[in-house]
Amino acid sequence: MAQWFERHVTPSIQLGIAATCGAVAATTVIFSVSAIHRRRVTADLKASIPQLSPDHLSAQLTEYGGASRPTFSSKDDERTAMIAARARKGDYDEDLILEQLARNRVFLKDEGLAKLRGSFVVVVGLGGVGSHCVAALARSGVTKIRIVDFDQVTLSSLNRHALATLADVGTPKVHCVRKRLEQISPWTRIDCRNELLNSQSTPTLLAPWDYELRDDDDATTPDWVVDAIDNIDSKVSLLQYCVMHGIKVISSMGAGCKSDPTHIQVGDISTSVEDPLSKSTRRRLRALGVKEGIPVVFSTEKPGEGKADLLPITDEEFHKGNVDKLGVLPDFRVRILPVLGTMPAIFGYTVANHVICSIAGYPMDYRIGDKGREKMYDSILSTLQGLESRLVRSSSGQDVLGLRIPIGRDDVSYLVEEVFRGKSVISGLGTRLALIRWRRPSGGFRLEETYLQEGQKMIQLSLTDLVLMTKEEATKHEKMVLSGEATPEEAYGPDVLARVRRRHDDERAYDRYR
């Protein structure tokens, strides 16, 4: 073989083969030495890491880079945690609890407070809105609360967070919240879930109560779920799940870039306006078959010159491309949202107020607000003025030029929104509304003699003389009752009569405070 190789392979090829073999051998030696060195360095590094022990407290990070356990910032916190642990097992005086909840007790009565104390609420998102909401729930008597958030407290959180302090920066929000609530209401059971809510985790996070179960506990589903999430995908996933499974849920919309607390409202998601987050959420839910039925807290405040706006991504980052990669997690926003610290608190307390009153069975007759509805009130007032003039002229032939009625736009707004809740007393419809007298005056439609002597044309008309109907119903009512011979008792059924009586009784009761 060697002779054949020497006869048929030229010296140059032999030299090349020898060089190649030498290079391969040298490379093998180098990589072998490097591998041995890496293994030795890795072993030394692992050996330098101390074992978990009471002297060296360490813990594995979560998949989001956060601590996987609660941390205590002081001995007082440890002592509070021990007291709370005993209190949650029943080792806490019932009289002390009732004394702490005394103001709620006299407001909601014993029955309402008992319902609140037996309720189970899930709060998802513990930022500015969620932290204030959960604090109000615990202070008001809710004793089973599950809190869900994957994030940590940051330094920038402190301008709006209800419970975090400087000592909590870098710790999971769920543990920060639980630690503070144990100092406020130690008997409250706080089920911490340091997790990210998504379509896969939602069923588990909204599962029946199973934390620190007692003998008298039932495996109940949540009485209410609070959505305080600012990520659109997670928000839509949570809301759709709750609607599809019949779980009561209330959602907080955008508090960022808002500054006017008088524009904050509670309403159905289908009616929310001037809120980009609500608009996006509504569109996504509609595509999933959910059009309405979710109460939301939102602000109708409009953007304007000089007001805060979403900070843009810098040109430098934009030109790099793939700006979606700037987020800590996929699909989470990458820009700083301008937030005035007071507004998330108002949103959070508004959400908590709705949940508390709903659980306790306290009446909630929201006044959606008369902002933007001035033209409607002017139209209702003008129609009422025209109707009264027509009735006075037709019944007695009096000159109605310059006739005035003792009702103003503020009175119309009050009657529509406060007394009749924006709905017809006949059909319950809320469109094409009109105010009209309920009965014919005993003395007929005549000008007031007292005012005529002073050169003014006025008629007697009080707020309890009026009812709210649709325009079509008002036209029919005018023909039957005001211009005809029928009485309201002859024209309407007992349900309508009772409803009118109740609304007028409410107005008489309110009138004492006006």
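Bear in mind the structure is a predicted one, so any value in this text is a computation, not a measurement.

**Topic: the packing of helix α6 (residues 128-140) against helix α7 (residues 173-184)**
At a closest axis distance of 10 Å, the pairing of α6 and α7 adopts a crossing angle of 25°. Compared by their axis directions, α6 and α7 come out roughly parallel. Pair α6 / α7 crosses with right-handed handedness. Contacts between α6 and α7 involve V134, A135, A138 and R139 from the former and V177, L181 and I184 from the latter.

**Observations concerning the confidence of the model for the chain**
Per-residue confidence for the chain gives a mean pLDDT of 82; residues scoring 70 or more make up 79%. Looking across the chain, the model is least confident in helix α11 (residues 315-320), with a mean pLDDT of 49, and most confident in strand β1 (residues 120-124), with 97. Here residues 323-332 is modelled with pLDDT under 50, and outside its nearest four sequence neighbours on either side it reaches 17 contacts, counting other chains as well.

**Examining the sheet that holds strand β2 (residues 144-148)**
An order of β3-β2-β1-β4-β5-β7-β6 is seen for the 7 strands of this open sheet, with the pairing classed as mixed. A strand with exactly one partner marks an edge of an open sheet, and here the two such strands are β3 (189-193) and β6 (264-268). Mean inter-strand twist for the sheet, computed between neighbouring axes without regard to direction, equals 20°. One ladder, built from 4 bridges, connects β1 with strand β4 (residues 224-227); its direction is parallel. Residue pairing across strands places V121 opposite W224, the latter belonging to β4. Against the sheet, α7 makes contact with β2 and β3, and its axis sits at roughly 170° relative to β3, the strand it touches most.

**So, a nonpolar patch on the surface**
On the surface, a nonpolar cluster with roughly 300 Å² of combined accessible area is contributed by V106, F107 and Y362. Tracing the sequence through the fold places V106 in helix α5 (residues 102-117). Exposure remark for V106: the relative accessible area of 57% places this residue in the exposed category.

**Brief notes about unusual backbone geometry**
The phi dihedral of C257 falls on the positive side, at around 65°, and the residue is not glycine. Mapped onto the fold, C257 is located in the loop between β5 (249-252) and β6.

**Observations concerning helix α10 (residues 276-287)**
Along its 12 residues, α10 runs 17 Å from first to last C-alpha, staying within 8% of the 16 Å computed at 1.5 Å per residue. Inspection of α10 places S278, T281, R282 and L285 among the buried residues, and these make up the whole buried set. Taken down its axis, α10 places every buried residue within 100° of arc, on the same side. Summarising the geometry of α10, the exposed residues directed more than 90 degrees from the buried face are P276, R283 and A287. Two residues or fewer after α10 comes G289, characterised by a positive phi angle close to 95°.

**Describing the packing of helix α3 (residues 75-88) against α7**
Contact geometry for α3 and α7: axes closest at 9 Å, N-to-C directions at 70°. Taken together, α3 and α7 sit at an angle that is classed as roughly perpendicular. Read as a crossing pair, α3 and α7 show a hand that is left-handed. Where α3 approaches α7, its residues D77, T80, A81, A84 and R88 are matched on the opposing element by K179, R180, E182 and Q183. For the contact of α3 with α7, the per-class residue count stands at 2 nonpolar, 2 polar and 5 charged.

Parameters at a glance
Residues numbered from 1 in each chain as written. Predicted model: local features only at pLDDT ≥ 70, side-chain atom pairs only at ≥ 80, totals over all residues. Heavy atoms only, no water. Axes fitted to C-alpha atoms, helices over the stretch in contact; angles between N-to-C directions. Helix = DSSP H or I, 4+ residues; strand = E, 2+ residues; numbered from the N terminus. Parallel < 35°, antiparallel > 145°, perpendicular 65-115°, else oblique. Left-handed = near helix turned anticlockwise from the far one by under 90°. Contact = heavy atoms within 4.5 Å. pLDDT = per-residue confidence, 0-100. Pairing = 2+ DSSP bridges. Patch = residues over 30% accessible without salt bridge, like charges linked within 9 Å, V, L, I, M, F, W, Y side chains within 5 Å. Areas by Shrake-Rupley, 256 points an atom, 1.4 Å probe, with all protein chains shown as cover. Salt bridge = Lys/Arg side-chain N within 4 Å of Asp/Glu carboxyl O. Buried < 20%, exposed > 50% of the residue type's maximum accessible area, 1.4 Å probe, protein only. Expected span 1.5 Å × (residues − 1). Arc of directions from axis to C-beta. Nonpolar A, V, L, I, M, F, W, Y, C, P; charged D, E, K, R; others polar.

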